[in-house]
Amino acid sequence: MRRFVFATFNRGKVREVAGILHDLDLEILSPAALGIATLPEETGDSFLDNAVLKAAGVFLATGLPTFADDSGLEVAALRGAPGVHSARYAGGDGHDDVANIRKLLAALRGVEDRRARFVCNVACLLPPSDLPRDLPARLPGCVRLLRDHPHAPPGVALLAAEGEVSGRIIDTPRGHEGFGYDPVFWRDDVQKTFAELTAAEKNGFSHRGNAFRALREALRALRAPAAGGA
Ligand code: ITT
């Protein structure tokens, strides 16, 4: 069994990703289980930079293969805001989902164009010895193998995966599943918000579902871990 740390403190992400990766032979560890109380500050300008920063902080502290997710909501009428600031949109330490939604709905009051998308970037750091030589040819389209990302530790391989999903922002929150902006993110095809879907249903077409399904295919192509190793 291969061990990975998922560098996150967001329980909604953990629930969703556990469902997507459940059929891989993986043990997924939390930072808390390894004595890590905080992740590096998200000072990057892009989702990928921030995902790499989070994964690198945990990789350097533990020496274990690590993946991280940086994600957020981009609203067309707000020129892509809240974007990389989604968790902290309403200020403070962030993660006040009710305050974030309130601020978003205030910003969109009277605005007709409600188009929005969720974006998820995943950064997975691995020892290069885990990678088969033909890996690049076997990677799904939205996964890249990067060897010189500025925030990745030197000599460590980086698999970067991306996913997105479009929808629109409704005026009145609906549903109690999920997290973050899910209660106001509406999908015309299912006539529901993301907060009215189970985690499995949301995974079926969400940004995170798309990004982690792609990563899952890349992980299937890795060399088997050395006996007794990580
Ligand atoms: P970690 O950094 O510990 O992983 P976080 O919640 O701070 O957790 P991000 O920095 O990636 O994660 O911020 C993502 C924010 O974007 C999240 O807090 C939500 O406000 C929003 N978001 C991302 N994915 C979402 C989803 O699937 N549903 C609803 N909101 C989402």
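One can find the structure itself at the top, above this paragraph.
Note that this is a predicted model, so its numbers are computed, not measured.

K.L.:
Can you walk me through the site of the ligand in this structure?
P.N.:
The local shell around the ligand holds 22 residues, among which Thr-8, Lys-54, His-95, Asp-182 and Lys-202 are the closest. Here an oxygen atom of the ligand and a side-chain polar atom of Lys-13 are 2.8 Å apart. With respect to the ligand, the side chain of Asp-182 contributes an N or O atom lying 2.7 Å from a nitrogen atom. The fraction of the free accessible surface of the ligand (610 Å²) that becomes covered by protein chains is 96%. Given that more than half its atoms are within 2 Å of the pocket grid, the ligand belongs to the largest pocket. Elements that contribute at least two residues to the shell around the ligand include exactly β3 (66–75) and α6 (207–220). Per-element tally for the shell around the ligand: the top contributor is β3, with four residues. Among the residues forming the shell around the ligand, the class breakdown is six nonpolar, eight polar and eight charged.

K.L.:
Which parts of the structure should I look at to understand the packing of helix α1 (residues 11–20) against α6?
P.N.:
The relative placement of two packed helices is expressed as an angle between their axes plus a distance between the axes. Orientation of α1 relative to α6, taken along the N-to-C sense of each, is 45°, at an axis distance of 10 Å. One element, α1, and the other, α6, form an angle in the oblique class. For α1 against α6, the interelement crossing comes out right-handed. Together, Lys-13, Glu-16, Val-17 and Ile-20 of α1 and Arg-208, Gly-209, Phe-212, Arg-213 and Arg-216 of α6 make up the contact between the two elements. Class assignment of the residues belonging to the contact of α1 with α6 gives a composition of three nonpolar, one polar and five charged.

K.L.:
Help me out: how do you make sense of the side chain of Arg-114 in this one?
P.N.:
Tracing the chain through its elements places Arg-114 in the loop between α3 (97–107) and β4 (115–126). By relative accessible area, which is 11% here, Arg-114 ends up buried.

K.L.:
What's the story with the environment of Ala-161 in this structure? I'm lost.
P.N.:
For Ala-161, the position within the fold is in strand β6 (residues 157–169). Between the C-alpha atom of Ala-161 and that of Asn-121, which follows or precedes it by 40 residues, the distance is 5.8 Å. Those residues in contact with Ala-161 that sit more than four places away from it in its chain are Cys-120, Asn-121, Val-122, Cys-142, Val-143, Ala-211 and Leu-215.

K.L.:
Quick question: what am I supposed to make of the pairing of strand β2 (residues 26–29) here?
P.N.:
Across a regular strand the side chains alternate sides, sitting on one face of the sheet and then on the other. Relative to β2, strand β1 (residues 2–6) is paired through four bridges, and the arrangement is parallel. Each bridged residue has a counterpart across the sheet, and for Phe-4 the counterpart in β2 is Ile-28. Running through α1, the crossover from β1 to the neighbouring parallel element β2 is right-handed.

K.L.:
Explain α1 here, please?
P.N.:
In an α-helix there are 3.6 residues to a turn, and that puts residues three or four apart on one side. Taken together, the buried positions of α1 are Gly-12, Lys-13, Glu-16, Val-17 and Ile-20. Along the long axis of α1, the arc covered by the buried residues comes to 115°, so they all point the same way. Looking at the packing, one finds that the buried side of α1 touches β1, α2 (47–62), β3, α5 (199–203) and α6. Of the residues flanking the start of α1, the one acting as N-cap is Asn-10, its side-chain oxygen 2.8 Å from the backbone nitrogen of Gly-12.

K.L.:
Got a minute to help me understand the nonpolar core in this structure?
P.N.:
Considering soluble globular proteins, one finds that nonpolar side chains tend to be buried as a cluster. Phe-67, Leu-159, Phe-212, Leu-215 and Leu-219 are the most contacted members of the largest nonpolar core, which totals 27 residues. Secondary-structure elements contributing two or more residues to this core are β1, α1, β4, β6 and α6. When residues of this core are assigned to their parent elements, the largest contribution, six residues, is made by α6. Once residues within four sequence positions are removed from consideration, Leu-219 is found in contact with Phe-4, Leu-24, Leu-26, Cys-124 and Leu-159. Residues Leu-48, Leu-125, Leu-158 and Ala-160 belong to the second largest nonpolar core, which totals 20 residues.

K.L.:
When you look at the packing of aromatic side chains in this model, what are you seeing that I'm missing?
P.N.:
The relative placement of two aromatic rings is captured by the distance of their centres and the angle of their planes. A full pass over the atoms with the stated rule returns eight aromatic pairs. With a centroid separation of 5.7 Å and 70° between ring planes, the pair formed by Phe-67 and Phe-212 is classed as edge-to-face. You can see Phe-67 sitting in strand β3 and its partner Phe-212 sitting in helix α6, a full 145 residues away along the chain. What links up through ring pairs into an aromatic cluster is the set Phe-4, Phe-6, Phe-67 and Phe-212. Against the face of Tyr-89 rests Lys-103, its NZ or CZ located 4.5 Å from the ring centre.

Parameters and conventions
Residues numbered from 1 in each chain as written. Predicted model: local features only at pLDDT ≥ 70, side-chain atom pairs only at ≥ 80, totals over all residues. Heavy atoms only, no water. Near = heavy atom within 4 Å. Polar contact = N/O pair within 3.5 Å; in protein donor to acceptor, adjacent residues only side chain to side chain. Areas by Shrake-Rupley, 256 points an atom, 1.4 Å probe, with all protein chains shown as cover. 1 Å grid on protein atoms, 1.4 Å probe; cavity = no way out; pocket = protein on both sides within 12 Å on 5 of 7 lines; lining within 4 Å. Sits in = over half its atoms within 2 Å of the grid points. Helix = DSSP H or I, 4+ residues; strand = E, 2+ residues; numbered from the N terminus. Nonpolar A, V, L, I, M, F, W, Y, C, P; charged D, E, K, R; others polar. Axes fitted to C-alpha atoms, helices over the stretch in contact; angles between N-to-C directions. Parallel < 35°, antiparallel > 145°, perpendicular 65-115°, else oblique. Left-handed = near helix turned anticlockwise from the far one by under 90°. Contact = heavy atoms within 4.5 Å. Buried < 20%, exposed > 50% of the residue type's maximum accessible area, 1.4 Å probe, protein only. Pairing = 2+ DSSP bridges. Right-handed = clockwise from strand over helix to strand, strands pointing away. Arc of directions from axis to C-beta. Core = buried A, V, L, I, M, F, W, Y, C linked by side-chain atoms within 4.5 Å. Phe/Tyr/Trp six-rings, centres within 6.5 Å; stacked < 30°, edge-to-face > 60°. Lys NZ or Arg CZ within 6 Å of the ring centre and 35° of its normal.

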